[in-house]
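# Summary of the model geometry
Okay, here's what each chain looks like letter by letter:
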Number of protein chains: 2
Amino acid sequence: MAQDAGRGSGAPRRKVSTLPANFSGAALTRLGEQASQRAEQVNGELAALTYGALVRQLVVDYEDPGEVNVQLERLGYNIGLRLADDFLARSGAPPCRRFVETSEVIARVAFRMYLGVSARVASVAEDGSAYSVVFEENPLADFVEMPTALRDQLWFSNLLCGAIRGALEMVQYVVSVSFVRDVLRGDAYNEIRVALREQRYERAPPDEEL
Amino acid sequence: MAQDAGRGSGAPRRKVSTLPANFSGAALTRLGEQASQRAEQVNGELAALTYGALVRQLVVDYEDPGEVNVQLERLGYNIGLRLADDFLARSGAPPCRRFVETSEVIARVAFRMYLGVSARVASVAEDGSAYSVVFEENPLADFVEMPTALRDQLWFSNLLCGAIRGALEMVQYVVSVSFVRDVLRGDAYNEIRVALREQRYERAPPDEEL
């Protein structure tokens, strides 16, 4: 198995960066493209403007940008719970036996399938318990001009963090997810940090599952 | 020209239903498919769930379903103003010289391009000043279960009416647009009625244009 590479040699064992062969970047990228072609699609500009209307509504409602971040994450969480089933049924992605394997599946398959863009994995923690998803293009943020008052406080696309958290919870990984960098704040790229909090080994009874 | 068909015969002249050759259904359907393939796409399920979150937020904010309809239409109007430029630049649709010509362009090109579904034109008024856009599939309303209290009052997809009104206003047609039938209310299909209120022949000065 790939994660045993280096065993017995003097080289440090870096479990976290060696994934099974069916998690190869090229194979996952291909899966993402295929799944994205099979799915129903909506025009990116319409989706971006609709998302922008949602964010604007929350800004009006809550005034405090920090609270808007919380609400966007919460809405995304519910969306992630819903999307997880669809993803498992349609993506063709291999099952993730270790948490770190979810990184490439999210970056290469889920981002392509749902947002139509490529993302990559970066800054994987030595013990595999955290990673970053990095991407340049963000279709949700097309056409957005952030008012100065919000620029340093609002994480405009925070719904994505919630969606990742909800989807991972459906496969028993309790995580915290947050934006670290955002092109809308002048960063060179977008970076979402995903950190494992708890792995559930038993399924909860059906009526407590959500 | 096509609209002169029937001249001199005893048959009634039905200007409104005879469109120029480049407005043929097949030609416009092809345009819609091509434009939809060129555009950036977002997964339909993610778009539907995001739109659902927006509607739910407005229901919480405004309580009165009638007011939610108004707000959705207003948000859609702003989106329509933005989309019109994109549509004119990318659709390849022929310019509409008469109001009635906008019907086929909206149903066959715009619906395919932005929502990924086919729509058709129905119930064109004899004088060409009103028409219906009819469609079965509505990607915005996937996964929606309407609470009974809202079912007969909320027009869930009213954003679409606003978007049509905004886009037509950008090409000098002031219209009123409303849902007449909605599958979510138990109707067999969705029907949006578009009625011309005023045609502007002069462009407003740039600073008054929006």
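Residues numbered from 1 in each chain as written. Chains lettered and ligands numbered in written order. Predicted model: local features only at pLDDT ≥ 70, side-chain atom pairs only at ≥ 80, totals over all residues. Heavy atoms only, no water.

A common way to report how large an interface is uses the accessible area buried once the components associate. Every contact between the two is made by 34 residues of chain B and, on the other side, 34 residues of chain A. In total, about 3,000 Å² of surface goes out of reach between chain B and chain A, with carbon and sulfur atoms giving 59% of it. Across the contact surface, chain B and chain A share zero salt bridges. The interface formed by chain B and chain A contains seven residue pairs in polar contact (both at pLDDT 80 or more). Of all the secondary-structure elements, those providing two or more residues to the side of chain B that touches chain A are strand 1 (41-43), helix 2 (44-62), helix 3 (65-90) and helix 4 (101-115) of chain B. Counting residues per element, the side of chain B that touches chain A draws most heavily on helix 2 of chain B, at 13 residues. The residue makeup of the side of chain B that touches chain A, split by class, is 19 nonpolar, six polar and nine charged. In terms of strand pairing, strand 1 (residues 41-43) of chain A meets strand 1 of chain B through three bridges, oriented antiparallel. Residue pairing for strand 1 of chain B: Q41 of chain A is matched across the bridge by N43 of chain B. (Contact = heavy atoms within 4.5 Å. Buried area = accessible area lost by both parts, 1.4 Å probe. Salt bridge = Lys/Arg side-chain N within 4 Å of Asp/Glu carboxyl O. Polar contact = N/O pair within 3.5 Å; in protein donor to acceptor, adjacent residues only side chain to side chain. Helix = DSSP H or I, 4+ residues; strand = E, 2+ residues; numbered from the N terminus. Nonpolar A, V, L, I, M, F, W, Y, C, P; charged D, E, K, R; others polar. Pairing = 2+ DSSP bridges.)

So, on to unusual backbone geometry. All names here are of chain A. In this structure, E63 takes a positive phi of about 60 degrees despite not being glycine. Inspection of the secondary structure assignment puts E63 in the loop between helix 2 (44-62) and helix 3 (65-90). The backbone of F143 shows a phi angle near 70 degrees, a positive value even though the residue is not glycine. Note that F143 resides in the loop between strand 3 (130-135) and helix 5 (148-151).

The biggest cluster of nonpolar side chains holds 111 residues, and the ones touching the most others in it are F111 and I192 of chain A together with F111 and I192 of chain B. Excluding its chain neighbours within four sequence positions, the residues that come into contact with I192 of chain B are F111, Y131, S132, V133, F135, L160, C161, I164, V177, S178 and F179 of chain B. (Core = buried A, V, L, I, M, F, W, Y, C linked by side-chain atoms within 4.5 Å. Buried < 20%, exposed > 50% of the residue type's maximum accessible area, 1.4 Å probe, protein only.)

All right, on to the pattern of salt bridges then. Residues and elements named next belong to chain B. Applying the stated criterion to the full structure yields 14 salt bridges over all chains. The partner of E104 in a salt bridge is R108, and the shortest N-O contact between them spans 2.9 Å. Here the residue E104 and the residue R108 both occupy positions in helix 4, the gap between them amounting to four residues, near one helical turn. Here E104 falls in the buried class, since its relative accessible area comes to 16%. On the basis of relative accessibility, which here comes to 27%, the residue R108 falls in the partly exposed class.

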